[in-house]
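Per-entry structural report
Read off the chains here:
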Amino acid sequence: MNAIAPALAVVAAIFLIAPMAVIVPMSFSTAISFEFPPPGYWIGYYKEYFSSGPWLDATANSFIIASACMLLTLALALPAAFGYARYRFFGKGAFNLLMLLPIIVPGVISALGYYGLFSLAHLVGTHIGMIIAHTVLCVPVAFLVIAAALKGFDRNLERAAMSAGAGPLRTFFFVTLPVLRPGILIGGLFAFLHSFNEAVVAIFIAGRDASTLPKKMFESIRLESDPVIAVVSTLLTGAVLIGVLIAFPFRPRA
């Protein structure tokens, strides 16, 4: 029985990693379109990506929008999670449903709604419009993660700090926040990745000036089988892996 769990973990890891065994070699392929196994290897498509204005602009837009979305999401989800997890109030169930509504509604429906609303507000094709739309979509994810972390938090730690003379703010920053930091980091990371990878809403409201990397990838694969997409996928996977290792370094058990 003890060997079943590690075996299932290995199978799941192989299932998740297997696509990269195809994508990474294709990013170094000499073929003019998607072909596996590659007929040859070079770094020409990497040079094309790093010298292409449209690809780099879309990448920069994605980083700007996702970073702003992450900060705004945490600013909204953190107090909402604290209020939901720690207080009793009328309509608590309805509040929880309201917080989760953006991920319940199909993405296409949300995109159509944003397009109609933002057209009236002249926010279509702007970074602000994309940040607002992505924040609404990311808040439920961060809210769930932070609320789950709060439910497992031992409030006796806060009571002990306050009994020792610490005020509410000092208790929050020196006791509560360090304990909840992993949950907050995970919520922020999920918000960043959700915004960075979101394509449906971006296709509807990003326009040309706020075009994101997923939108650019969709347009590229729709018009032509451009192997630069494999380069982008490889770079994004490597960046996410490095980011996770930095945020959550592996510490072997003593």
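Our subject is the structure that appears above.
Reference entry: report on the structure contained in this document. Sequence order sets the numbering: in each chain, residues are counted from 1 along the sequence as written. With the structure being a predicted model, the display of local features is reserved for residues of pLDDT at least 70 and the display and counting of side-chain atom pairs for 80 or more, all residues being used for whole-chain, interface and lining totals. Where side-chain values are given, they derive from all heavy atoms of the structure, hydrogens and water being excluded.

**Notes on the packing of helix α3 (residues 53–86) against helix α8 (residues 168–197)**
To be explicit about the condition: For helices, the fitted axis covers only the stretch in contact; all axes are lines through C-alpha atoms, and the angles between them, taken along N-to-C directions, range from 0 to 180 degrees. Secondary structure follows DSSP: runs of H or I at least 4 residues long count as helices, runs of E at least 2 residues long count as strands, and numbering of each begins at the N terminus. Working definition: roughly parallel below 35 degrees, roughly antiparallel above 145 degrees, roughly perpendicular at 65 to 115 degrees, and oblique for all remaining angles. Note on convention: near helix rotated counterclockwise from far helix by under a right angle means a left-handed crossing. Clockwise means right-handed. Note on contacts: a residue pair is in contact if any heavy atoms of the two residues lie within 4.5 Å. Polarity classes work like this: nonpolar for Ala, Val, Leu, Ile, Met, Phe, Trp, Tyr, Cys and Pro, charged for Asp, Glu, Lys and Arg, and polar for all others, with Gly in that last group.
With their axes 8 Å apart at the nearest point, α3 and α8 run at an angle of 135 degrees to one another. Here α3 lies oblique to α8, going by the angle between them. Taken as a pair, α3 and α8 cross one another with a handedness that is right-handed. Residue-level inspection shows S62, F63, I65, A66, S67, C69, M70, T73, L74, L78, F82 and R86 of α3 in contact with α8, the latter providing F172, T176, L180, I184, G187, G188, A191, F192, S195 and F196. Counted by class, the contact of α3 with α8 contains 14 nonpolar, seven polar and one charged residues.

**Here's the deal with the pattern of salt bridges**
Think of it this way: side chains of opposite charge can pair up when their charged atoms draw near. This is how the line gets drawn: Whenever a carboxyl oxygen of Asp or Glu lies within 4 Å of a side-chain nitrogen of Lys or Arg, that contact is scored as a salt bridge. Exposure classes here rest on a 1.4 Å probe applied to the protein chains alone. A residue is buried below 20% of its type maximum, exposed above 50%, and partly exposed in between.
Tallied over the entire structure, the rule returns one salt bridge. K215 is paired through a salt bridge with E219; the nearest N and O atoms lie 2.6 Å apart. Placement of the pair is K215 and E219 together in helix α10 (residues 213–223), with a separation of four residues, close to one helical turn. Overall, the relative accessible area of 25% leaves E219 in the partly exposed class.

**Structural notes on the nonpolar core**
Test applied: The definition of a nonpolar core used throughout is a set of buried Ala, Val, Leu, Ile, Met, Phe, Trp, Tyr and Cys residues joined through side-chain atoms within 4.5 Å.
Core analysis: the largest hydrophobic core is formed by 16 residues, its most contacted members being A81, F143, I146, L150 and L180. The set of elements that each furnish at least two residues to this core consists of α3, α6 (127–151) and α8. When near neighbours in sequence (up to four residues on either side) are disregarded, L180 contacts F82, A149, L150 and F153.

**Re the side chain of T59**
Structurally, T59 is set in helix α3. Look at T59 and you get buried, because its relative accessible area is 10%. In contact with T59, other than residues within four places in its own chain, are Y49 and L213.

**Section: helix α4 (residues 92–104)**
We apply this condition: To estimate how far a helix should extend, the number of its residues minus one is multiplied by 1.5 Å. Two axes enter the definition of the bend at a residue: one is fitted to the seven residues ending there, the other to the seven starting there, and the bend is the angle between them.
Along its 13 residues, α4 runs 18 Å from first to last C-alpha, staying within 8% of the 18 Å computed at 1.5 Å per residue. Helix geometry: α4 is bent most strongly at L98, by close to 30 degrees, with proline P102 lying one to four residues after it. If you check which residues of α4 are buried, you get M99, L100 and P102. Buried positions along α4 lie against α3, α5 (107–120) and α6.

**Concerning the packing of α3 against α6**
At their nearest, the axes of α3 and α6 sit 6 Å apart, and the two run at 40 degrees to each other. One way to sum up the angle between α3 and α6 is to call them oblique. Judged by the twist between their axes, the crossing of α3 over α6 is right-handed. A per-class count over the contact of α3 with α6 returns 23 nonpolar, five polar and two charged.

**Observations concerning the environment of F50**
By secondary structure assignment, the location of F50 is in helix α2 (residues 44–50). Separated by 75 residues in the primary sequence, F50 and G125 place their C-alpha atoms 24 Å from one another. Contacts of F50, omitting those with residues within four sequence positions, involve L56 and L235.

**Some details on the packing of aromatic side chains**
Put simply, the rule is: Two rings from Phe, Tyr or Trp (for Trp, the six-membered ring) form a pair when their centres are within 6.5 Å of each other. A pair whose planes differ by under 30 degrees is stacked, one over 60 is edge-to-face, and the rest are tilted.
As enumerated under the stated definition, the model contains ten aromatic pairs in all. Pairing F63 with F192 gives two aromatic rings, centres 6.1 Å apart and planes at 45 degrees, and the pair type is tilted. Here F63, found in helix α3, pairs with F192, found in helix α8; they are 129 residues apart in sequence, far enough to count as distant. On the basis of relative accessible area, F192 is assigned to the buried category, the value being 16%. Aromatic side chains F63 and F196 sit 5.0 Å apart centroid to centroid with 70 degrees between the ring planes, which places their arrangement in the edge-to-face category. Highlighted residues: F63 in helix α3 and F196 in helix α8, separated in sequence by 133 residues.

That is the geometry; function is a separate question.
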